[in-house]
Amino acid sequence: MKKYAISAISLIVLVAIVLFLLNNKAGLKADGELDQELLVTAEKTFQFFEDYTDPSTGLTMDRVDFEPNEVKAEHTSPTNIAMYLMGMASAVELDLISKKDAEKKVETTLHTLEEMEKWNGLYYNWYYTKDASLKKDWGQFISSVDNGWLTAGLIVTGQYFENLKGMTDPLVSAMDYSHLYDPEVGHLYGGYDVEKNSVTSHHYGLLYTEPRVASYLAIGKGDVPEEHWWKLYRAFPPEFDWQQQRPNGKTETYDGFDLYQGYYEYDGIKYVPSWGGSMFEALMPSLVLKENELGKNALGINNKHHVEGQIRFAEKNEYSAWGFSPAGIRNNYGEFGVPVLGTEGYEDKATVTPHATFLALEHAPEEALANIQALKELEAYGEDYGFYDTVNLKSKEVAHSYLSLDQGMILVSIANYLRDGVIRENFHKDPIGKKPEHLLEKENFNIQ
């Protein structure tokens with residue numbers, strides 16, 4: 001009798017395992033209803049790219065506004081193109097399109113990229129989606145950060161769609177960041193104005209901002225030296241008295257370079273600040289960089305602390321949701337953030353954007369999933385293309401707009417969350433993504 005009882009228990013366990021595997025045949029987390037909602041959101045978000053990407057060029061419109069009528073912004077940027085490329089890999093992972101069909105679409109985009117006008121292999125800020133020509137009325141600017149995203153998108157694409165690597169590798173190789181690097185300061189310039197034949201007067205000197213992706217891969221490519229990473233500020237030194245608060249910290253030595261390891265503090269939370277205190281600067285790089293996995297004592301913990309800071313800020317202001325980040329509003333674009341989380345700090349203006357919450361999915365999943373529901377209650381969710389771009393928490397006004405940048409962040413965030421960091425894995429599989437990993441591993445922000 002005892003023998004049969006053990007067999008019955010074994011059978012129950014076996015059935016449970018089989019059911020688990022069946023439920024997870026696509027590699028998705030078995031978390032029921034909430035994960036299903038994420039998949040529905042991903043499907044709607046992906047539909048935006050399907051409907052607003054030019055089939056002849058493979059370029060997605062920058063944004064579409066639906067108030068009072070549909071208005072299409074028929075131009076695109078390097079970052080938008082990157083979001084489309086990584087979004088397509090994400091869509092395959094989430095079973096929204098077959099790999100074969102996605103590959104065909106991506107190939108169209110890559111052919112366009114091969115023919116587009118460039119400067120030292122780098123792309124201009126704005127092109128028309130219909131014919132990929134330069135949008136010259138907006139200048140002829142080469143942006144360091146935007147090109148960084150396109151390089152990252154191409155690296156992911158080449159690793160994920162292996163048949164296309166022969167197209168992506170030459171494009172990545174040609175993108176030369178040495179022309180955007182100032183060896184005297186050890187920082188990247190903001191960009192280069194081709195028309196004026198001059199670099200910008202400003203540099204990207206703060207590590208915890210969006211351009212750290214460009215810095216990381218420029219090192220990975222060998223276009224700039226490794227010392228660039230250690231020459232970036234964590235917090236500005238205390239004598240920079242214009243910043244939000246006087247940082248605490250001490251000088252540490254990494255690879256022979258002295259680095260002021262400073263941090264701010266807000267309501268008991270220690271963190272290395274971004275520039276404006278936005279989720280976008282803080283977390284967008286973690287879409288492709290293994291910060292949580294490799295930078296456990298530095299960027300990884302800082303990511304979590306910035307999410308905590310955003311949530312705490314919302315609680316202290318009695319806001320019904322959080323997620324403060326640059327976004328589109330009233331057919332325009334605004335910079336929003338949590339001022340105290342930045343060295344200078346954007347205004348929050350009680351305006352939140354859904355992409356910020358999705359960026360936080362992997363860093364604070366329970367809180368992010370709860371906030372997604374709060375955003376739905378604020379009617380920030382559209383039936384056609386998923387979450388609208390912004391909602392004002394005081395007036396309850398929703399900006400019925402979709403930005404391809406934000407749609408891409410949402411789609412890639414969902415894929416990374418449900419498929420164990422698939423986009424990051426593909427970025428780091430490439431030698432460019434792998435080579436600088438030790439820079440993430442060895443640092444300690446001292447903010448535990």
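Report on the accompanying structure. Given the structure is predicted, the values throughout are model-derived calculations rather than measurements.

**Regarding the overall build of the protein chain**
Each helix and strand in the protein chain was counted, giving 17 helices and 23 strands. The globule rule puts the C-alpha radius of gyration for 448 residues at 22 Å, and the 22 Å found for the protein chain is close to it. Projecting the C-alpha coordinates of the protein chain onto the three principal axes gives extents of approximately 85 × 55 × 50 Å. Of all 448 residues assigned to the protein chain, the portion counted as buried reaches 60%. If you take every contact in the protein chain between residues at least 6 apart in sequence, the share linking residues at least 24 apart comes to 70%. Surface exposure of the protein chain reaches about 18,300 Å², of which carbon and sulfur atoms provide 49%. Here the protein chain holds 40 positive side-chain charges and 68 negative ones, and the gap between their average locations is 5 Å.

**Section: the environment of Y333**
Here Y333 shows up in strand β17 (residues 332-334). Residues Y333 and D169, spaced 164 residues apart in sequence, show a C-alpha to C-alpha distance of 33 Å. Ignoring anything within four residues of it in the chain, the contact list for Y333 reads R63, P326, A327, G328, L403 and L405.

**So, the packing of aromatic side chains**
Aromatic rings considered in pairs are described by the distance between their centres and by the relative angle of their planes. The full count for this structure, using the stated rule, is 29 aromatic pairs. Between Y319 and F324, the aromatic rings sit 5.9 Å apart at their centres with planes inclined by 45 degrees, giving tilted as the arrangement. Side by side, Y319 and F324 carry an identical accessibility label, which is buried. Here the aromatic residues F48, F49, Y52, F66, Y84, Y385, Y388 and Y402 are joined through ring pairs into a cluster of three or more. Geometry around Y160 places K99 over its ring, the cationic atom sitting 4.4 Å from the centre. Above the ring of Y381, the side-chain terminus of K376 is found at 4.6 Å from the ring centroid.

**Some remarks on the sheet that holds strand β2 (residues 71-73)**
Overall, antiparallel pairing links the 3 strands, which are arranged β2-β1-β23 in an open sheet. With partners counted over all chains shown, the strands left at the sheet margins are β2 and β23 (401-403), one partner each. Neighbour-to-neighbour, the strand axes of this sheet turn through a mean angle of 5 degrees, independent of strand direction. As judged from the 3 bridges shared by strand β1 (residues 63-65) and β2, these two strands associate in the antiparallel manner. Residue pairing across strands places D65 opposite V71, the latter belonging to β2.

**Overview of the pattern of salt bridges**
Overall, the coordinates contain 21 salt bridges when judged by the stated rule. With a shortest N-O distance of 3.1 Å, R424 and E293 are connected by a salt bridge. Highlighted residues: R424 in helix α15 (residues 422-429) and E293 in helix α10 (residues 291-294), separated in sequence by 131 residues. The class of R424 is buried, set by a relative accessible area of 6%.

**Observations regarding the pairing of strand β13 (residues 248-254)**
In this sheet, strand β14 (residues 257-266) lies alongside β13 in antiparallel orientation, the contact comprising 7 bridges. Of the residues in β14, the one forming a bridge with K250 is Q261. The turn joining β13 and β14, which pair antiparallel and follow one another in sequence, is formed by 2 residues; a positive phi near 50 degrees is taken by D255.

**Thoughts on the packing of helix α3 (residues 78-93) against helix α14 (residues 404-418)**
Following both chains from N to C, one finds α3 and α14 inclined at 30 degrees, their axes separated by 8 Å at the closest point. Taken together, α3 and α14 sit at an angle that is classed as roughly parallel. Crossing hand, α3 versus α14: left-handed. Of the residues in α14, those in contact with T79, N80, M83, M86, G87 and S90 of α3 are S404, L405, G408, M409, L411, V412 and A415. In terms of residue class, the contact of α3 with α14 is built from 7 nonpolar, 6 polar and no charged.

**What to know about the environment of Q159**
For Q159, the position within the fold is in helix α5 (residues 144-160). Look at Q159 and you get buried, because its relative accessible area is 11%. The sequence separation of Q159 and D182 amounts to 23 residues, and the corresponding C-alpha distance is 31 Å.

Calculation notes
Residues numbered from 1 in each chain as written. Predicted model: local features only at pLDDT ≥ 70, side-chain atom pairs only at ≥ 80, totals over all residues. Heavy atoms only, no water. Helix = DSSP H or I, 4+ residues; strand = E, 2+ residues; numbered from the N terminus. Rg over C-alpha atoms; globule rule 2.2 N^0.38 Å. Buried < 20%, exposed > 50% of the residue type's maximum accessible area, 1.4 Å probe, protein only. Contact = heavy atoms within 4.5 Å. Areas by Shrake-Rupley, 256 points an atom, 1.4 Å probe, with all protein chains shown as cover. Lys, Arg positive; Asp, Glu negative; His and termini not counted. Charge placed at Lys NZ, Arg CZ, Asp CG, Glu CD. Phe/Tyr/Trp six-rings, centres within 6.5 Å; stacked < 30°, edge-to-face > 60°. Lys NZ or Arg CZ within 6 Å of the ring centre and 35° of its normal. Pairing = 2+ DSSP bridges. Axes fitted to C-alpha atoms, helices over the stretch in contact; angles between N-to-C directions. Salt bridge = Lys/Arg side-chain N within 4 Å of Asp/Glu carboxyl O. Parallel < 35°, antiparallel > 145°, perpendicular 65-115°, else oblique. Left-handed = near helix turned anticlockwise from the far one by under 90°. Nonpolar A, V, L, I, M, F, W, Y, C, P; charged D, E, K, R; others polar.

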